[in-house]
2 protein chains.
Amino acid sequence: MRPSRERFTKLLLFFGSLFIGTLCVAPKHDPLDTAAQRRAEALHRLDTLILLTFISVLIVIVLTAWLFKHYRFRFVHESGLTLIYGLLIGFCIKYFDIGLWESTTIDVAPTNVTLQLREPPDYLRLEVKEKEQSQAQSVSFHYELIEGFYADKRKKDEQKIEQKTAFSPEIFFNILLPPIIFNAGYSLKKRNFFRNIGSILAFVFVGTTVSCLVTGILLFVLTKIFAMGFAFQELLVFGALISATDPVTVLSVFTEMRVEPDLFALVFGESALNDAVAIVLTNTIDSFSMSTETVDLNALLGAALNFLYVFFSSLLLGSIVGCLTALLTKLTHIADHSLLETSLFILFSYVSFLLAEVVQLTGIVAVLFCGICQAHYTFNNMSEESRATTKQFFHVISFLSESFIFCYIGVSVFVAGNQKWNLPFLFFAMIAIWIARAVFVYPLCAFLNLKRRPRIAKNYQHMIVFSGLRGAMAFALADRNTATENKQIICATTVAIVVMTVLFNGGLSNWMIEKLGIKHGDQIPNEYSLPRTDSAGEEREMIEPVTTPTSSGQNPWDKAFLPRKWYNFDANFMKPLLTHANPSLMDTMPPFTWPIAKFFTSDRQMAGGSL
Amino acid sequence: MRPSRERFTKLLLFFGSLFIGTLCVAPKHDPLDTAAQRRAEALHRLDTLILLTFISVLIVIVLTAWLFKHYRFRFVHESGLTLIYGLLIGFCIKYFDIGLWESTTIDVAPTNVTLQLREPPDYLRLEVKEKEQSQAQSVSFHYELIEGFYADKRKKDEQKIEQKTAFSPEIFFNILLPPIIFNAGYSLKKRNFFRNIGSILAFVFVGTTVSCLVTGILLFVLTKIFAMGFAFQELLVFGALISATDPVTVLSVFTEMRVEPDLFALVFGESALNDAVAIVLTNTIDSFSMSTETVDLNALLGAALNFLYVFFSSLLLGSIVGCLTALLTKLTHIADHSLLETSLFILFSYVSFLLAEVVQLTGIVAVLFCGICQAHYTFNNMSEESRATTKQFFHVISFLSESFIFCYIGVSVFVAGNQKWNLPFLFFAMIAIWIARAVFVYPLCAFLNLKRRPRIAKNYQHMIVFSGLRGAMAFALADRNTATENKQIICATTVAIVVMTVLFNGGLSNWMIEKLGIKHGDQIPNEYSLPRTDSAGEEREMIEPVTTPTSSGQNPWDKAFLPRKWYNFDANFMKPLLTHANPSLMDTMPPFTWPIAKFFTSDRQMAGGSL
């Protein structure tokens, strides 16, 4: 063995020296080119360093989350933990100058002095000359407008690092958010969700709107009293964006405690769906003022119609994309190629988001309902492997995106240049949001309890109020546009509210559940228990969702709002059309007389009689 | 049911009108702010549209790929198909002005006229005034330097859309490439790979270097004859980057045809590993010239040492990160929480890449070997669910990234502003790369055949030459820096070579395999057959890799280069340290006398005697 290895080494050496020899003819280099390349390399290293920091923090978060789970330490949860780490990093960056990019910024003016700029141009072209005399060596460099970063002329020197750490809202809205929302729809526990759909929708539509209005009005009164110059519309926008509650933390607490499944469905359903309402509401209020300055009733009606149009069109579009995927997986044999099937599934789900955005609808709503349709129809058609892969894929992606966002929120408290702190406003806002939440939860529950059986008990109502944590969506909406000082105050206030609610309410959720005497864990009779999160259970849940008659048979909740016709339509038409259905359904019975159809028909007749 | 629904509708209407009423107080708006917001929205729509286009194309690609697979149409493969679609889209964008963003670009100069710019500043600050008289309304907008986009002063009007479609090399190198390379390492068929490791390493190190030199020298001679002003160093860089062969297309053809596994291992191993060598080689040659203008032998030796240092440090770093993950998964019970385990696995794998980049090593090499370690050690420690998830996750991500890159290469042919076509150079380059490939494959095979049993037959050698497709890595390296005209020519040439080799060589691979009489499909005896790609088989392959003595027992290939000591070290020390090992190994035998250890010890003694 030895001789040949030596020969190999010699060969390597020979080729190595040959290689070295060829380098002798090094040409002279253009210094401008070199400078640009050096800059590109330095920037690359900085980008990588920032990414590395975030990824390392994510690792630490995962490890700590695991330790906490392992030792059943329950007062800080993943999102709270992530926030805390984010805050720590932000603090370090701010006060130890870590990661500061020594950038140069110069003031420029148009070369054409007669040009009157009314809005910022998209690109600037700057000529840099090698030496004064040589005309040939001049190179034009192009500069692109930085979005959402508007500086006050007076404070020039502060904005260095922010420009590098502040990641663009585009990335947030186009890349990080869709998988989170899709996963919320895709992993929805459909049975409990649909059993409570009426109450959830009431919370989502009425609740969010009321919360938005009450917050806006309260803050308007308070800021007027203390003479803080906020426009009513700005406060309404704030009310709309702060009404988006966050499902992440509550979900993890509730799952761990195994609380009563109907409370779980109410809180989770509300927080998953009201993101969509909040985003449409914010956009509507925002765009409303932009188009017109004098307001007449027609414009108002137009705005309201626009809100409904945008919401339901997005819903429809997402559902259609989901159904298309279902048809495609049903009619082709693509299930033979699991990789292609999975890719197709992921791509189609993403398309629902992008398509909605392009036609000026709301991608979040579309992707949420696409997720629900995918779980309801497409999931049944897929191969075993693709089922597991898609579920895990979105679970992981969504977990990582969420962690990243919470970490980023924490960091932004210290380093973002677009946040302006105003403690009185923050104080007022904290009061306003809890009043607003109480104002809609208790009356709405009272109203729902007229019909609902079992009623939503008082302690459940307290818990619903307490569960109103704010999270990623509120932050994203506030961070999107921080052009004016008031908007920067709103952004800072939102960040503070997110941090406080996640740490305080999230951390005390366990204690509150015990304190309020809400059934959880082994206190719940077996048939009520929350579906376990292990994969086998979830899959069963996903495969036989509506076909189990228990959903309406055992528990008559929400009869008032339950869209029974929809169930019939779904079971008799949509499921057979879009899925391979359950084998027992197709194989054991002659067509057109499936037991489900029978059940629902008789049930409808019965229900029709009783109501 | 009806009355309550009506009541609900009325309630909704009531709240709706309340909501509308509150909008009456719309404040006046700052036009500059409005303009910026309008611009942000328009940009967002354009970004989304571009993303939507790419995702839609990916869907079409997946569907066509499936159809082709379904109907066993073999002359165009996924990557070829993707390229063709990319070309079509690029053509459409170019000639039908689709997606053209009506941007405004203005020339600017520093306001401080005495300032002498020697290199471009990082940011520009431009003041835009609302009206001439009001000082308060002036807003400063910030502009960021666009990387890698240098314009000739003479051609001002051409660069509009390119700026939007040209995605930054940062995204390519930091986001798209790592999963592809990691997946190559993670899904490596280890048994066949390690059986041929000696030959593969010879191809990778000697082959890539020779190919780089021969291409550079040939082109230098040709361009000198025809008086095209290329520096020798530029041509060497081109030689280095064009030496990176692409595994994607060949892999899919070979897998489908089920060619002889040793040929498969040789071609795949070479193409997977030489990306890493090419990137280090390119960087070394590039950086070499930057630091110094007069060359002495010390500097040359330094460059060669630097090459070795970078390659092996990166290798070590990646392996260490992989082993750390293995230790972590072995020593903790994180396997109980599959989601956390999977996330940790993904994050650690990514960290190997980022860490290497930050300390100025090569991330690609690190992530490749991290992938191999993860498959070799960590995989054994993970829960069933995480095994399946991580495998599928990287498979899907890598598939999508690859498709995106190939599509993008196609698009860039028409729309990129940083490519300059030069047909004579392209012609010379095509000749040079095939000569360079033949020049190292045949002699190297002859040399290897001195020791190898069975020898690499002549038809196998032809096939190895023929399989030298170029792909994503070559494109990425060429696209990274296009500051000078020569570099733009090199970029265009690289794109053309990628398109031609993928379409021509990729398309004719099937035909070539038949023509050359290479064993494939059922012609191969069963014990030689390629491991099937179905998940069960692959998993088995991954779990019991080195423990099967057949790898050295049945097939004595590559004895000369087989690092047998490494096997002993691995089986006796690394595997027991880093993994739970196979239960059969630990449970059935007393410690320190595992059959593997015995086998290797005796085998080494035997081997030592015979050599």
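Conventions used here
Residues numbered from 1 in each chain as written. Chains lettered and ligands numbered in written order. Predicted model: local features only at pLDDT ≥ 70, side-chain atom pairs only at ≥ 80, totals over all residues. Heavy atoms only, no water. UniProt positions renumbered as here; feature names shortened; annotations may be inferred. Helix = DSSP H or I, 4+ residues; strand = E, 2+ residues; numbered from the N terminus. Contact = heavy atoms within 4.5 Å. Areas by Shrake-Rupley, 256 points an atom, 1.4 Å probe, with all protein chains shown as cover. Salt bridge = Lys/Arg side-chain N within 4 Å of Asp/Glu carboxyl O. Buried < 20%, exposed > 50% of the residue type's maximum accessible area, 1.4 Å probe, protein only. Axes fitted to C-alpha atoms, helices over the stretch in contact; angles between N-to-C directions. Parallel < 35°, antiparallel > 145°, perpendicular 65-115°, else oblique. Left-handed = near helix turned anticlockwise from the far one by under 90°. Polar contact = N/O pair within 3.5 Å; in protein donor to acceptor, adjacent residues only side chain to side chain. pLDDT = per-residue confidence, 0-100. Pairing = 2+ DSSP bridges. Core = buried A, V, L, I, M, F, W, Y, C linked by side-chain atoms within 4.5 Å. Phe/Tyr/Trp six-rings, centres within 6.5 Å; stacked < 30°, edge-to-face > 60°. Lys NZ or Arg CZ within 6 Å of the ring centre and 35° of its normal.

Within an unreviewed UniProt entry, the label attached to chain A reads Sodium/hydrogen exchanger, and the organism entered is Mesorhabditis belari. The heading Sequence similarities (unreviewed entry) in the UniProt record of chain A holds the text "Belongs to the monovalent cation:proton antiporter 1 (CPA1) transporter (TC 2.A.36) family."

Trainee: Please set out the overall build of chain A residue by residue, giving values where relevant.
Mentor: Tallying secondary structure elements over chain A gives 23 helices and 3 strands in all. For chain A, long-range pairs separated by at least 24 residues make up 82% of all intrachain contacts whose partners lie at least 6 apart in sequence. When the accessible surface of chain A is summed, it comes to about 24600 Å², and 64% of that surface belongs to carbon and sulfur atoms.

Trainee: Residues and numbers for the pattern of salt bridges, please.
Mentor: What the rule picks out here adds up to 6 salt bridges over all chains. For the salt bridge of Lys420(A) with Glu485(A), the shortest nitrogen-to-oxygen distance reads 3.6 Å. Linking Lys420(A) in the loop between α14 (384–415) and α15 (423–449) with Glu485(A) in helix α18 (residues 485–515), this pair joins segments that are 65 residues apart in sequence. Given the relative accessible area of 32%, Lys420(A) is considered partly exposed. Taking the relative accessible area as the measure of exposure, Glu485(A) reaches 47% and is therefore partly exposed. Here Glu270(B) and Arg437(B) are joined by a salt bridge, their closest N and O atoms 3.0 Å apart. Here Glu270(B) is found in helix α10 (residues 261–291), whereas its partner Arg437(B) is found in helix α15 (residues 423–449), with 167 residues between them in sequence.

Trainee: Hey, could you go over the environment of Asp522(A) for me, with residue numbers and the actual values?
Mentor: As for its placement among the helices and strands, Asp522(A) is situated in the loop between α18 and α19 (535–543). Sequence separation of Asp522(A) and Ala244(A) is 278 residues, and the distance between their C-alpha atoms is 32 Å.

Trainee: Go over the packing of helix α8 (residues 232–242) of chain A against α18(A), please, and point to the residues and values.
Mentor: Residues and elements named next belong to chain A. Interhelical geometry of α8 versus α18 gives an angle of 25° and a closest axis separation of 11 Å. Looking at the two axes, α8 sits roughly parallel to α18. Along this stretch, α8 crosses α18, giving a crossing that reads as right-handed. Where α8 approaches α18, its residues Glu234, Phe238, Leu241 and Ile242 are matched on the opposing element by Asn486, Ile490, Thr493, Thr494 and Ile497.

Trainee: Help me get a handle on helix α9 (residues 247–257) of chain B, residues and values and all.
Mentor: All names here are of chain B. Burial runs high along α9: 8 of the 11 residues are buried. Within α9, the full set of buried residues consists of Pro247, Val248, Thr249, Val250, Ser252, Val253, Phe254 and Met257. Count one or two residues on from α9 and you reach arginine 258, which has phi positive near 50°.

Trainee: Would you mind going over the side chain of Asn274(B) in detail, with residue names and values included?
Mentor: All names here are of chain B. Assignment of secondary structure puts asparagine 274 in helix α10. There is a polar contact of 3.0 Å between the side chain of asparagine 274 and the side chain of threonine 245. Leaving out residues up to four positions away in the same chain, asparagine 274 has contacts with Val204, Thr208, Ser243, Ala244 and Thr245.

Trainee: Explain the confidence of the model for chain A to me, using residue names and the numbers behind them.
Mentor: All names here are of chain A. On average, residues of chain A carry a pLDDT of 74, and 71% of them reach 70 or more. Least confident of the elements in chain A is helix α22 (residues 583–588), whose mean pLDDT is 37; most confident is α15, at 92. Segment residues 527–561: pLDDT under 50, and 86 contacts once partners within four positions in sequence are set aside and those in other chains are kept. Counted against residues more than four places away or in other chains, residues 582–611, with its pLDDT under 50, gives 28 contacts.

Trainee: Mind laying out the pairing of strand β2 (residues 123–128) of chain B, listing which residues take part and the relevant values?
Mentor: In terms of burial, β2(B) is a largely internal element, 5 of the 6 residues being buried. In the sheet, strand β1 (residues 105–110) of chain A pairs with β2(B) via 4 bridges, with the strands oriented parallel. Pairing of Ile106(A) across the sheet is with Leu124(B), part of β2(B).

Trainee: Mind laying out unusual backbone geometry, listing which residues take part and the relevant values?
Mentor: Even without being glycine, Gln360(A) reaches a positive phi, approximately 65°. By secondary structure assignment, the location of Gln360(A) is in the loop between α12 (338–358) and α13 (363–381). Relative accessible area serves as the criterion here: at 52%, Gln360(A) is assigned to the exposed category. Even without glycine at this site, Ala227(B) takes up a positive phi of about 50°. Its location among the elements puts Ala227(B) in the loop between α7 (197–225) and α8 (232–242). Among the residues examined, Ala227(B) registers a relative accessible area of 68% and is labelled exposed.

Trainee: Describe the environment of Phe414(B), and please don't skip the residues or the numbers.
Mentor: All names here are of chain B. Along the chain, phenylalanine 414 turns up in helix α14 (residues 384–415). Judged by its relative accessible area of 23%, phenylalanine 414 is partly exposed. Discounting residues that sit within four places of it in the chain, phenylalanine 414 has contacts with Leu87, Gly90, Phe91, Lys94 and Tyr95.

Trainee: Describe the nonpolar core, with residues and values.
Mentor: Counting 307 residues, the largest nonpolar core has Phe254(A) and Phe254(B) as the members making the most contacts within it. One finds Val108(A), Val128(A), Leu145(A) and Leu145(B) within the second-largest nonpolar core, a separate group that totals 16 residues.

Trainee: Any chance you could break down the packing of aromatic side chains for me, citing the residues and the numbers?
Mentor: Enumeration according to the criterion identifies 49 aromatic pairs over all chains in this entry. Among the aromatic side chains, those forming a connected cluster through ring pairs are Phe182(A), Tyr186(A), Phe345(A), Phe379(A), Phe393(A), Phe394(A), Phe182(B), Tyr186(B), Phe345(B), Phe379(B), Phe393(B) and Phe394(B). Just above the ring of Trp434(A) sits the side chain of Arg470(A); from NZ or CZ to the centre is 5.9 Å.

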